[in-house]
Amino acid sequence: MLDLFRTRRMWRPRQELRDSYDVVIVGGGSHGLAAAYYLAQLGITDVAVLEKSYIGSGAAGRNTTILRSNYKTPEGARFYDASVKLYEGLSAELDFNLLFSQCGHLTLAHSDRAMFVMANRAEVNRLNGIDSQLIYPDEIKKLAPAMQVDNPHAVYPVQGALYHPPGGIIRHDAVVWGLARGADRGGAEIHPYTEVTGIQRTNGRVEGVETNRGTIKTKVVLSCTAGWSSLVAHMAGIQLPITTHILQACVTEPLKPLLDVVIVSSQMHVYISQTDRGEFLMGAEIEPWTTYRTQGTLNFLQEVSRHTLELFPQLERARILRSWAGLCDLSPDYSPILGETEVEGFHISSGWGTYGFKAAPIVGKTLAELVATERTPDLIAPFALERFYEDRLVSELAAAAVSH
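The following paragraphs examine the structure supplied in this document. Values in this document were obtained by computation on a predicted structure and should not be read as measured data.

1. Observations regarding the sheet that holds strand β1 (residues 23–26)
Step number 1: The strand order β8-β2-β1-β12-β19-β18 describes an open sheet built from six strands, whose pairing is mixed. Edge strands, defined here as strands with exactly one partner in the open sheet, are β8 (189–191) and β18 (337–340). Strand-to-strand twist in this sheet, taken as the mean axis angle between neighbours without regard to direction, amounts to 15 degrees.
Step number 2: Taken together, the three bridges between strand β2 (residues 47–50) and β8 define a ladder with parallel strand orientation. Its bridge partner being in β8, Ala48 is matched across the sheet by Glu189.
Step number 3: Contacts between helix α2 (residues 30–41) and the sheet are confined to β1, β2, β8, β12 (220–223) and β19 (346–350), with β1 contributing the most and set at about 155 degrees to the helix.

Listed below in structure tokens is the structure:
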């Protein structure tokens, strides 16, 4: 019976923490686990993944599962497109069903200016080989017949949308479990309930990590902690230009299938999709205040309900089952901060805002390449920390409706 139990485990039980590892990854979410998985593929298996709570307890377990690559900047579009392509083959690669549905993604436009912005983004996307196009109300109705598109009394009339067919949704906990199992099978040790309390440095380079279970010697640390990245970096003596906000979402009770495309509106500050279980998943903009308190607010429920009902009035009597909040790191240009830092051996994945889950596989792959080759991959070079000192910002501020 014990042998049967062992075969059913997703990954090995937590082991004793050893005195040293070649690589220590701080954060047991999608980015940290992806990095461990791809490091194993490059032959680096002496790896410890440290998570202060249970695996997937942070942003990876509190996001809204949307994947897309229709960003505004060429650097961002190429980066997220590479991630979507990895996601497309990840279920087969991990031998684990991630429930990826490329149902399409619609970013609504409600004004002449918004239509101009969508046309510009569509052109940037096409120049980078990304399937994205500007469509009009008649085409929107065919893709989302249940949505109220031509209401003459609408506060936000729908003039058009940026249609991105490869976009869609994926099961977030399945991504975490699949990557964790893949990393474990590759030899990485996964240590939940192991909190990092300090980073040891000598002569400008990493020497070790202090935890609530003891001190680990290592030459390489990857910080992959959404929400807490500025605090972890501070332990290493690095100041990140990041503020932390909460992002809220909620789901209704299960309903009959009405919507099989992701709907996003920047002016209404809402995004909507329907899950495989029939729940309507709704989210809004990040909260304007900085906080680490992940409690929902009445203001969020009021605003997201009001805007959702303008698009889907038939949901008027649908009951909201639950709501939640997650932590989001925001950089000044709304693009991530990736790669090397001034402390040798201390690398970061931070500043994701609400984009992080979309990027998990490509972040893991490129950070693994950085560790293995000690060279920054071209794909993440534009997102280096020093861009803020060299005035080379990669502004995605207007590329994400509701920061999503």
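Next, the rest of the story.
2. Remarks on the nonpolar core
Step number 1: Core analysis: the biggest nonpolar cluster contains 52 residues, and Val23, Ile25, Leu39, Phe79 and Leu222 have the highest contact counts within it.
Step number 2: Put simply, the parts of the chain that give this core at least two residues each are β1, α2, β2, α3 (74–94), α6 (172–185), β12 and α9 (360–373).
Step number 3: Excluding anything up to four places from it in sequence, Leu222 contacts Val23, Val24, Ile25, Val26, Ala35, Leu39, His347, Leu367 and Val371.
Step number 4: Leu108, Ile135, Met268 and Met282 belong to the second-largest nonpolar core, a separate cluster that totals 26 residues.

3. Observations regarding the side chain of Arg205
Step number 1: Take Arg205: it is sitting in strand β10 (residues 205–211).
Step number 2: In terms of polar contacts, Arg205 uses its side chain to reach the side chain of Glu344, at 2.9 Å.
Step number 3: Sequence-distant contacts of Arg205, that is, excluding residues within four places in its chain, are made with Gln200, Lys219, Val343 and Glu344.

4. Overview of the pattern of salt bridges
Step number 1: All chains considered together, the criterion is met by 15 salt bridges.
Step number 2: Salt-bridge contacts for Asp173 lead to Arg171; the nearest nitrogen and oxygen are separated by 2.7 Å.
Step number 3: A residue is classified by how much of its surface remains accessible, and Asp173, at 17% relative accessible area, is buried.
Step number 4: Residue Arg171 is classed as partly exposed on the basis of its relative accessible area, which comes to 29%.
Step number 5: Close ionic contact of Arg319 with Glu253 constitutes a salt bridge, the shortest N to O distance being 2.9 Å. Within this pair, whereas Arg319 is found in the loop between α8 (298–311) and β17 (320–330), its partner Glu253 is found in the loop between β13 (243–252) and β14 (262–265), the two being separated by 66 residues in sequence.
Step number 6: Since its relative accessible area comes to 17%, Glu253 is described here as buried.

5. Digging into the environment of Ser229
Step number 1: Structurally, Ser229 is set in helix α7 (residues 229–235).
Step number 2: In this structure Ser229 comes out as buried when scored by relative accessible area, which is 1%.
Step number 3: The sequence separation of Ser229 and Leu258 amounts to 29 residues, and the corresponding C-alpha distance is 39 Å.
Step number 4: Contacts of Ser229, omitting those with residues within four sequence positions, involve Leu240, Ile242, Asp329 and Ser350.
Step number 5: Among the polar contacts listed, one links the side chain of Ser229 to the side chain of Asp329, at a separation of 2.4 Å.

6. Side note on the side chain of Asp173
Step number 1: Relative to the helices and strands, Asp173 is located in helix α6.
Step number 2: Among the polar contacts listed, one links the side chain of Asp173 to the side chain of Arg171, at a separation of 2.7 Å.

7. What to know about the packing of α2 against α6
Step number 1: Where α2 meets α6, the axes come as close as 8 Å, and the angle between the chain directions of the two elements is 30 degrees. With respect to each other, α2 and α6 are oriented roughly parallel. Taken as a pair, α2 and α6 cross one another with a handedness that is left-handed. Residues Ser30, Leu33, Ala34, Ala36 and Tyr37 of α2 form the contact with α6, whose own contacting residues are Val176, Leu179, Ala180, Gly182 and Ala183.
Step number 2: For the contact of α2 with α6, the per-class residue count stands at eight nonpolar, two polar and no charged.

8. Section: α6
Step number 1: In this model, α6 (14 residues) spans 20 Å end to end at C-alpha, consistent with the 20 Å of a helix rising 1.5 Å per residue.
Step number 2: Turning to α6, its buried residues are His172, Asp173, Ala174, Val175, Val176, Gly178, Leu179, Ala180, Arg181, Gly182, Ala183 and Asp184.
Step number 3: On its buried face, α6 is in contact with α2, α3 and β8.

9. Side note on a nonpolar patch on the surface
Step number 1: Together, Trp228, Leu231 and Tyr292 give the surface a local cluster of nonpolar side chains, amounting to about 250 Å² of exposed area.
Step number 2: Along the chain, Leu231 turns up in helix α7.

10. Focus: unusual backbone geometry
Step number 1: With a phi close to 55 degrees, Leu99 is a non-glycine residue in the positive phi region.
Step number 2: Within the secondary structure, Leu99 sits in the loop between α3 and β4 (105–109).
Step number 3: The class for Leu99 is partly exposed, based on a relative accessible area of 38%.
Step number 4: The backbone of Tyr193 shows a phi angle near 55 degrees, a positive value even though the residue is not glycine.
Step number 5: Note that Tyr193 resides in the loop between β8 and β9 (196–202).
Step number 6: Residue classification places Tyr193 among the partly exposed residues on the basis of a relative accessible area of 47%.

11. Let's talk about the packing of aromatic side chains
Step number 1: Scanning the model with the defined rule gives 12 aromatic pairs in all.
Step number 2: Between the aromatic rings of Phe79 and Phe383, the centroid separation amounts to 5.4 Å while the plane-to-plane angle is 65 degrees, which identifies the pairing as edge-to-face. With a gap of 304 residues between them, Phe79 in helix α3 and Phe383 in the loop between α9 and α10 (387–390) connect regions that are remote in the sequence.
Step number 3: On the basis of relative accessible area, Phe79 is assigned to the buried category, the value being 0%.
Step number 4: What makes Phe383 buried here is its relative accessible area of 1%.
Step number 5: Members of the aromatic cluster, joined through ring pairs, are Tyr71, Phe79, Tyr80, Trp352, Tyr355 and Phe383.
Step number 6: Between the NZ or CZ atom of Lys52 and the centre of the ring of Trp228, over which it lies, the distance is 3.7 Å.
Step number 7: Seen from the ring of Tyr71, Arg68 lies directly overhead, with NZ or CZ sitting 4.1 Å from the centre.

Each value, and the rule that gives it
Here the residue numbers are simple positions, counted from 1 along each chain's written sequence. Local features in a predicted model are, by the rule used here, given only for residues with pLDDT of at least 70; side-chain atom pairs are given and counted only at 80 or more, and totals for whole chains, interfaces and linings are based on all residues. Values reported for side chains reflect all heavy atoms of the structure, with hydrogen atoms and water molecules removed beforehand. Strands were regarded as paired on the criterion that DSSP finds at least two bridges between them. In DSSP terms, a helix is any run of H or I states spanning at least four residues, a strand is any run of E spanning at least two, and both are numbered starting from the N terminus. The axes are straight lines fitted to the C-alpha atoms, using for helices just the contacting stretch, and the angles between their N-to-C directions are given from 0 to 180°. By definition, residues are in contact when any of their heavy atoms lie within 4.5 Å. Buried Ala, Val, Leu, Ile, Met, Phe, Trp, Tyr and Cys residues form a nonpolar core when they are joined through side-chain atoms within 4.5 Å. The buried label goes to any residue with under 20% of its type's maximum accessible area, the exposed label to any with over 50%, and the partly exposed label to all in between, with areas taken from a 1.4 Å probe on protein chains only. Polar contact is defined as a pair of N or O atoms within 3.5 Å, subject to the rule that within protein one atom must be able to donate a hydrogen and the other to accept it, and that residues adjacent in sequence are counted only when both atoms are side-chain atoms. For salt bridges, the criterion is a side-chain nitrogen of Lys or Arg within 4 Å of an Asp or Glu carboxyl oxygen. By definition in this entry, angles of less than 35 degrees are roughly parallel, angles greater than 145 are roughly antiparallel, angles of 65 to 115 are roughly perpendicular, and the rest are oblique. Handedness of each helix crossing follows the sense of rotation of the near helix against the far helix: counterclockwise by less than a right angle gives left-handed, clockwise gives right-handed. Three categories are distinguished: nonpolar for Ala, Val, Leu, Ile, Met, Phe, Trp, Tyr, Cys and Pro, charged for Asp, Glu, Lys and Arg, and polar for the others, with Gly belonging to the last. Given a helix with a known number of residues, its expected span is that number minus one, times 1.5 Å. A patch consists of residues exposed above 30% relative accessible area that lack any salt bridge, with like charges linked at up to 9 Å and nonpolar side chains (Val, Leu, Ile, Met, Phe, Trp, Tyr) linked at up to 5 Å. Values of accessible area rely on a 1.4 Å probe in the Shrake-Rupley scheme; residue burial ignores everything except the protein chains shown. Stacked, edge-to-face and tilted labels apply to pairs of Phe, Tyr and Trp rings (six-membered ring for Trp) whose centres lie within 6.5 Å, assigned for plane angles under 30 degrees, over 60, and everything in between, in that order. Counted as over-ring charges are cases with an Arg CZ or a Lys NZ within 6 Å of the ring centre that also lie within 35 degrees of the ring normal.

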